[in-house]
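# Overview (structure and organization)
Single-letter residue listing:
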Amino acid sequence: MSLLEVKDLKVRVEDNEILHGLTLTVNPGEVHAIMGPNGSGKSTLSHVIAGKPGYEVTDGQILFKGEDLLEMEPDERAAKGVFLAFQYPVEIPGVATMNFLRTALNAQRKERGESEFSTPDFLKKVREVAKSLNIPQDMLKRGVNVGFSGGEKKRNEILQMALFEPAVCILDEMDSGLDIDALRIAADGVNALRSPDRAMVVITHYQRLLNYIVPDFVHVMSKGRVVKSGGKDLALELEASGYTQFEDAA
Amino acid sequence: MNVVLAKNETGRALSDSFALARDRLPGGGKVAEARNTAFEAYERVGLPHRRLEEWKYTDLRALMREVLPLAAAPDAAALKQAAAAVKLQAIKGARRLVLVDGVFAPKLSELEGLEKGVTVRTLRDVLETGDAALQTQLFTPDNANPMVALNSAMMTDGVVIEIADGIVLKQPLQVIHVASGATPAAMFTRSLLRLGKDTGATLVESYIAAEGAKAYQAHDSLIVAIGDNSRLDHVRLVEDGRDAFNISSAVITLGAHAHFNTFGMTSGAAVSRYQATIAFAGEGSRVETNGVNLLNGRQHADTTLFMDHAVPHCASREVFRAVVDDRGHSVFQGRIIVRPDAQKTDAKMMTRALLLSDDAEADNKPELEIFADDVTCGHGATTGALDESLLFYLRARGLSEKEAQALLIQAFVGEAIESIVNDDLRELAIAAAQRWLEARA
């Protein structure tokens, strides 16, 4: 069974239809890149998969391990194993990162009927992951993302991804606002999480990120549809010729 | 015309109950005279109503309607009920002083092994046998405020604590007000805390209900005098029963180079009002007051603070947070007066309200009256809902809607709770907030 199946998805925000019938199938172990110009609907797709309010699905469906994802609350989706790494992770003053991580992890485990993590196990796990991502301990004591640089915020997203061990990871414009060193650290973090059971959907505007996270499939989105799919070479082709050729096709 | 009638009816009923209660009210001679004067002052206005500016958001004639008869002194069963309730409020290392249904309960209190230089007496004892100066001090709150006047007339018991010069108390003093009765009744208490020079103390006041306590009324007042170079930390938690009324007043006076740090949180009671006057009588002193209202259902909570800067070089900070759900109503009135002599005053007030439903209401009334020209004064206020983008982020990480709200509410009130210096007391406040959050989940 496919891990994630998006079938002929139509989505509108207020009076504008953003996705006009999008189809995408993701199997375990695969890394899919979704590329496309600004306004093509890439971020909308990621938001609808995660369950962000404000989008109206007018047609089509999203199945996760065969279950109807659109019927689930955002927290149920998280507990089932859907993870969205935000393009712009929010700052939450007054909520310490460590407390947030523990609350979220235990909420997911509780939803799945698993026992809560013991504090020592939890701390050990967080420290290990933080170390591998070059996240200093004192960052974990601060409010969630408060005073974090762009790179630190993205690393904090990957830290959560490593901690929650989701089945499918949607990375929304992970490269935005990162310099080359920060990008490398973040990409290494993502690559370390690649596994035969886990799939990734990497949404990006630029081919650059795909030098670090090498995809199995590349999809080009334009005007709310996938207009071309191919292997990793498609990304290079795009880098050379640009998106304009697809605007007419859409 | 209707209002006048209502007042007379309320007044008549109460003056009967005042007459009936007379025999049970401690103190003769001058004390009895002072009670009569206070009662007359109360009767002239009766229960305050919305046409009195200070009470425009908290119309006790509409909300409370009448003053209930004086509660009976607690019997053995009441004391047993109260003892069970008190256990839940226990803090490690605190000296507990318990008032049950408005009467001091020696068996539930810890009076032995008092530190040198500390005296604790009951209000009843001081009114009956105390010296004239102390009795006079107990009547200092201004009868111009009708609820203060009523309290002066009817006060039955309380604690009178004196701390001698140079004594720094390590052990927090915890005054717990417990209502036990299933019969609706009113209790009237007044306490006094007098800190000499170079002293330090921590005072905790908790208002709670024993299981089964119904629509009671707690009328309380507190008088505090902080001597030169002294520091008082104060925590006040209102967790009264959801049918209860809590009408409390405080008058706090600071000497020179004194420090008063106070935190108040209201998460209980149907209707509550806390009116405090904080007066600077000596230079170089500092006050931090932090408050939190956590309200849901039809709860109404009013905090009315009057900061009186009469002398130079003093600083005051007021931070107030309200979280209001359902049809709750939070009121904050903050008046700051900077008198002509009070140069170099530094006074700031910041209030924020979080409204969790469309019917929730938060009223905020800052009043700054500045008569000196070399001062720093400011106030700010915001009202809003929980940030949707933060809620979605938390939900996308697996938190349910209620869990996500709870985490953001904790963060919102956290800044005020963090002002509590003592770790055990901060935990006590966090636990009270937690109880409110769990009750709404």
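Our subject in this report is the structure included herewith.

Looking only at helices and strands, chain B has 10 helices and 19 strands in total. Taking the principal axes of its C-alpha atoms as reference, chain B extends roughly 70 × 55 × 50 Å. Within chain B, the fraction of its 441 residues that count as buried is 52%.

As a further point, take the overall build of chain A. A count of helical and extended segments in chain A gives 10 helices and 12 strands. Against the globule reference of 18 Å for 250 residues, chain A gives a C-alpha radius of gyration of 18 Å, in line with a compact fold. Projected onto its principal axes, the C-alpha positions of chain A cover 55 × 40 × 35 Å. Here chain A holds 250 residues, and the buried ones make up 43% of them. The contacts of chain A with a sequence gap of at least 6 include a subset with a gap of at least 24, amounting to 72%.

A word on the nonpolar core. Counting residues in each nonpolar core, the largest one holds 210 residues, and the members touching the most others are A:Ala85, A:Ile170, B:Ala82, B:Val98, B:Val178 and B:Ala429. For this core, the element with the most residues is helix H9 (residues 401-417) of chain B, which contributes nine residues. Setting aside chain neighbours within four positions, we find A:Ile170 in contact with A:Ser46, A:Ile49, A:Ala50, A:Phe83, A:Leu84, A:Ala85, A:Val201 and A:Ile203.

Before going further, it helps to examine the sheet that holds strand S3 (residues 118-122) of chain B. Residues and elements named next belong to chain B. Spatial strand order, S3-S4-S6-S8-S10-S12-S14-S16-S18: nine strands in an open sheet with mixed pairing. This sheet does not close on itself; its edge strands, each paired only once, are S3 and strand S18 (361-370). Shown here is a sheet whose adjacent strand axes are inclined to one another by a mean of 5°, direction ignored. The sheet contact formed by strand S6 (residues 186-195) and strand S8 (residues 217-226) spans 10 bridges and is parallel. Pairing of Ala186 across the sheet is with Gln217, part of S8.

Between chain B and chain A, the residue contacts involve 16 residues of the former and 20 residues of the latter. If you list the elements that add at least two residues to the side of chain B that touches chain A, you get helix H8 (388-396) and H9 of chain B. Along the lines of polarity and charge, the residues of the side of chain B that touches chain A split into eight nonpolar, four polar and four charged.

The next point concerns the sheet that holds strand S1 (residues 4-13) of chain A. Residues and elements named next belong to chain A. On the basis of which strands lie adjacent, the open sheet formed by four strands has the order S2-S1-S4-S5 and antiparallel pairing. Bordering the open sheet on either side are strand S2 (16-26) and strand S5 (67-68), each of which pairs with just one other strand. As paired strands, S1 and S2 are joined by eight bridges and run antiparallel to one another. For Lys10, the partnering residue across the bridge sits in S2 and is His20. The sheet strands contacting helix H1 (residues 42-50) are S1, S2 and strand S4 (56-64), and the helix crosses S2 at an angle near 70°.

All names here are of chain B. Residue position: Asn246 is located in strand S10 (residues 245-254). Accessibility expressed as a C-beta count within 10 Å gives 25 for Asn246, which makes it buried. Remark: the alpha-carbon pair of Asn246 and Ser191, spanning 55 residues in sequence, is separated by 15 Å. With sequence-adjacent residues up to four places away left out, Asn246 is seen in contact with Tyr207, Ala218, Val238, Asp240, Ala269 and Ser272.

So, about H1(A). Given 3.6 residues per helical turn, the α-helix brings residues three or four places apart onto the same face. Residue and element names in this part refer to chain A. Taking burial as the measure, the nine residues of H1 include eight buried ones, the bulk of the element. Buried residues of H1: Lys42, Thr44, Leu45, Ser46, His47, Val48, Ile49 and Ala50, and no others. Of the residues trailing H1, Gly51 is marked for its positive phi of about 95°.

With that out of the way, let us pick up helix H6 (residues 150-164) of chain A. All names here are of chain A. Over its 15 residues, H6 runs 22 Å from end to end, which matches the ideal 21 Å to within 8%, given 1.5 Å per residue. Among the 15 residues in H6, 12 count as buried, and that is most of the element. All of the buried residues along H6 are Glu152, Lys154, Arg155, Asn156, Glu157, Ile158, Leu159, Gln160, Met161, Ala162, Leu163 and Phe164. Where H6 is buried, its residues contact strand S6 (82-85), helix H3 (97-111), helix H4 (119-132), helix H5 (137-141), strand S9 (168-172) and helix H7 (180-192).

A word on the pairing of strand S7 (residues 200-209) of chain B. All names here are of chain B. Counted residue by residue, S7 has nine buried out of 10 residues, so it is predominantly covered. Note: strand S5 (residues 173-179) against S7, seven bridges, orientation parallel. Bridged to Val175 within S7 is Glu205. With nine bridges joining them, S7 and strand S9 (residues 231-239) adopt parallel strand pairing. When the bridges of S9 are listed, Ile208 appears paired with Glu239.

With that settled, consider the environment of B:Gly130. Residues and elements named next belong to chain B. Structurally, Gly130 can be placed in the loop between helix H5 (123-129) and helix H6 (132-138). Spatially, the C-alpha atom of Gly130 lies 35 Å from that of Ala429, the residues being 299 residues apart in sequence. Discounting chain neighbours no more than four positions away, the residues touching Gly130 are Asp125 and Gln135.

All names here are of chain B. Direction vectors running N to C along H9 and helix H10 (residues 423-440) enclose 150°, while the axes themselves pass 11 Å from each other. Relative to H10, the element H9 lies roughly antiparallel. The two elements H9 and H10 meet at a crossing, and its hand is right-handed. On H10, the residues touching Ala406, Ile409, Gln410, Val413 and Ile417 of H9 are Arg426, Ala429, Ile430, Ala433 and Leu437. Each residue belonging to the contact of H9 with H10 can be placed in one class, and the counts come to eight nonpolar, one polar and one charged.

Here is what the cut-offs are and how they apply
Residues numbered from 1 in each chain as written. Chains lettered and ligands numbered in written order. Predicted model: local features only at pLDDT ≥ 70, side-chain atom pairs only at ≥ 80, totals over all residues. Helix = DSSP H or I, 4+ residues; strand = E, 2+ residues; numbered from the N terminus. Buried ≥ 20, exposed ≤ 12 C-beta atoms within 10 Å, placed from the backbone. Rg over C-alpha atoms; globule rule 2.2 N^0.38 Å. Contact = placed C-beta atoms within 7 Å. Core = buried A, V, L, I, M, F, W, Y, C linked by C-beta atoms within 7 Å. Pairing = 2+ DSSP bridges. Axes fitted to C-alpha atoms, helices over the stretch in contact; angles between N-to-C directions. Nonpolar A, V, L, I, M, F, W, Y, C, P; charged D, E, K, R; others polar. Expected span 1.5 Å × (residues − 1). Parallel < 35°, antiparallel > 145°, perpendicular 65-115°, else oblique. Left-handed = near helix turned anticlockwise from the far one by under 90°.

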